[in-house]
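Chain by chain, the residues:
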Amino acid sequence: MVILPACALSVLVPVLHLDETEIHMPNAKSSDDINNALERIRWLGRESISLHNYVGAEYSKLQQPGLAIEQFESSIEVFPTPDAYAALGHEYRRTGVPQKARDAYSKALAIDADAATALLGYSASLAIDEPHPTEADRSKASQMLKRVLEIYPGQSDATQMLRQLRRHDAKP
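Attention in this report is confined to the structure presented alongside it. (Residues numbered from 1 in each chain as written. Predicted model: local features only at pLDDT ≥ 70, side-chain atom pairs only at ≥ 80, totals over all residues. Heavy atoms only, no water.)

## A closer look at unusual backbone geometry
Then step 1. Despite not being glycine, Gln 63 has its phi angle at roughly 60°, a positive value.
Then step 2. Position of Gln 63 relative to the elements: it lies in the loop between helix H3 (49-61) and helix H4 (65-78).
Then step 3. Residue Gln 63 is classed as exposed on the basis of its relative accessible area, which comes to 56%. (Helix = DSSP H or I, 4+ residues; strand = E, 2+ residues; numbered from the N terminus. Buried < 20%, exposed > 50% of the residue type's maximum accessible area, 1.4 Å probe, protein only.)

Here you go:
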């Protein structure tokens, strides 16, 4: 049996109770800051899907889409969720890879057909990101946006995109 002095316990006990919901990186100014925090968490054995999603979002805020994509893909490897796929789709949209974005959104919607973030992202990739969307793409985007509004009435992004599609359709 190992007996630890009280001062060691005061340091060890908070570390043992560390949870990914307690991980905050408000002072992260670079990807190095995030990498250092991530390595400490891995060392503690507290790596999880929510941690990968959180770190991916932090990389996204720092305009590091490649690193964000890595984290979202790591999250999906651990356990695929609609949120991780939607976030991955968002990063692919930001980096100008629309087909990969749509593939990610499709996978999110295969898990949860009402995943609003995936519906919004997919519809934007079809009707807004494409320079010349087809009538079928605009129709599919419109249906997705209407579904978002059924789930979340008044959702501003869906409302705005739907108006934009209607204006485009009204042009001669």
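## Some remarks on the nonpolar core
Then step 1. Judged by nonpolar contacts, the single largest core of 37 residues is most densely connected at Leu 88, Leu 109, Ala 118 and Leu 145.
Then step 2. Where this core is concerned, the elements lending two or more residues are helix H2 (31-44), H3, H4, helix H5 (82-94), helix H6 (98-111), helix H7 (116-127), helix H8 (135-151) and helix H9 (156-170).
Then step 3. By residue number, the principal contributor to this core is H7, which donates eight residues.
Then step 4. If we ignore the near neighbours within four places in the chain, the residues touching Ala 118 are Ala 86, Tyr 105, Ala 108 and Leu 109. (Core = buried A, V, L, I, M, F, W, Y, C linked by side-chain atoms within 4.5 Å. Contact = heavy atoms within 4.5 Å.)

## Quick look at the environment of Asp 169
Then step 1. Within the element layout of this structure, Asp 169 appears in helix H9.
Then step 2. We classify Asp 169 as partly exposed; its relative accessible area is 42%.
Then step 3. Between the C-alpha atoms of Asp 169 and Arg 138, which are 31 residues apart in sequence, the distance is 8.7 Å.
Then step 4. What Asp 169 contacts, discounting residues up to four positions off in sequence, is Glu 135 and Arg 138.

## Describing the side chain of Ser 60
Then step 1. Counting through the fold element by element, Ser 60 comes out in helix H3.
Then step 2. With sequence-adjacent residues up to four places away left out, Ser 60 is seen in contact with Ala 68, Glu 91 and Arg 94.

## Section: the packing of H4 against H5
Any two packed helices are characterised by how steeply their axes cross, that is the angle between the axes, and by the distance between the axes.
Then step 1. Between H4 and H5, the least distance of the axes is 9 Å, while the angle of their chain directions is 160°. One way to sum up the angle between H4 and H5 is to call them roughly antiparallel. Handedness of the crossing formed by H4 with H5: left-handed. Listed contacts from H5 to Pro 65, Ala 68, Ile 69, Phe 72, Glu 73, Ser 75 and Ile 76 of H4 are Ala 84, Tyr 85, Ala 87, Leu 88, Glu 91 and Tyr 92.
Then step 2. Residue classes in the contact of H4 with H5 are distributed as ten nonpolar, one polar and two charged. (Axes fitted to C-alpha atoms, helices over the stretch in contact; angles between N-to-C directions. Parallel < 35°, antiparallel > 145°, perpendicular 65-115°, else oblique. Left-handed = near helix turned anticlockwise from the far one by under 90°. Nonpolar A, V, L, I, M, F, W, Y, C, P; charged D, E, K, R; others polar.)

## Some remarks on the packing of aromatic side chains
Then step 1. Under the defined criterion, the tally for this structure stands at one aromatic pair.
Then step 2. Residues Tyr 105 and Tyr 122 carry aromatic rings whose centres are separated by 6.4 Å and whose planes lie at 40° to one another, so their mutual orientation is tilted. Linking Tyr 105 in helix H6 with Tyr 122 in helix H7, this pair joins segments that are 17 residues apart in sequence. There is no split in this pair, since Tyr 105 and Tyr 122 are both buried. (Phe/Tyr/Trp six-rings, centres within 6.5 Å; stacked < 30°, edge-to-face > 60°.)

## Considerations on the packing of H5 against H6
Then step 1. Across the interface, H5 lies against H6 with an axial gap of 8 Å and an inter-helix angle of 165°. As the angle between them shows, H5 and H6 are arranged roughly antiparallel. Crossing handedness for the pair H5 and H6: left-handed. Of the residues in H6, those touching H5 at Pro 82, Tyr 85, Ala 86, Leu 88, Gly 89, His 90, Tyr 92 and Arg 93 are Lys 100, Ala 101, Ala 104, Tyr 105, Lys 107, Ala 108 and Ile 111.

## Quick word on the environment of Arg 102
Then step 1. Take Arg 102: it is sitting in helix H6.
Then step 2. Remark: the alpha-carbon pair of Arg 102 and Ser 125, spanning 23 residues in sequence, is separated by 6.8 Å.
Then step 3. Look past the residues within four positions of Arg 102 in its chain and what remains in contact with it is Tyr 122, Ser 125, Leu 126 and Glu 130.
Then step 4. A distance of 3.0 Å separates a polar side-chain atom of Arg 102 from the backbone oxygen of Ser 125. (Polar contact = N/O pair within 3.5 Å; in protein donor to acceptor, adjacent residues only side chain to side chain.)

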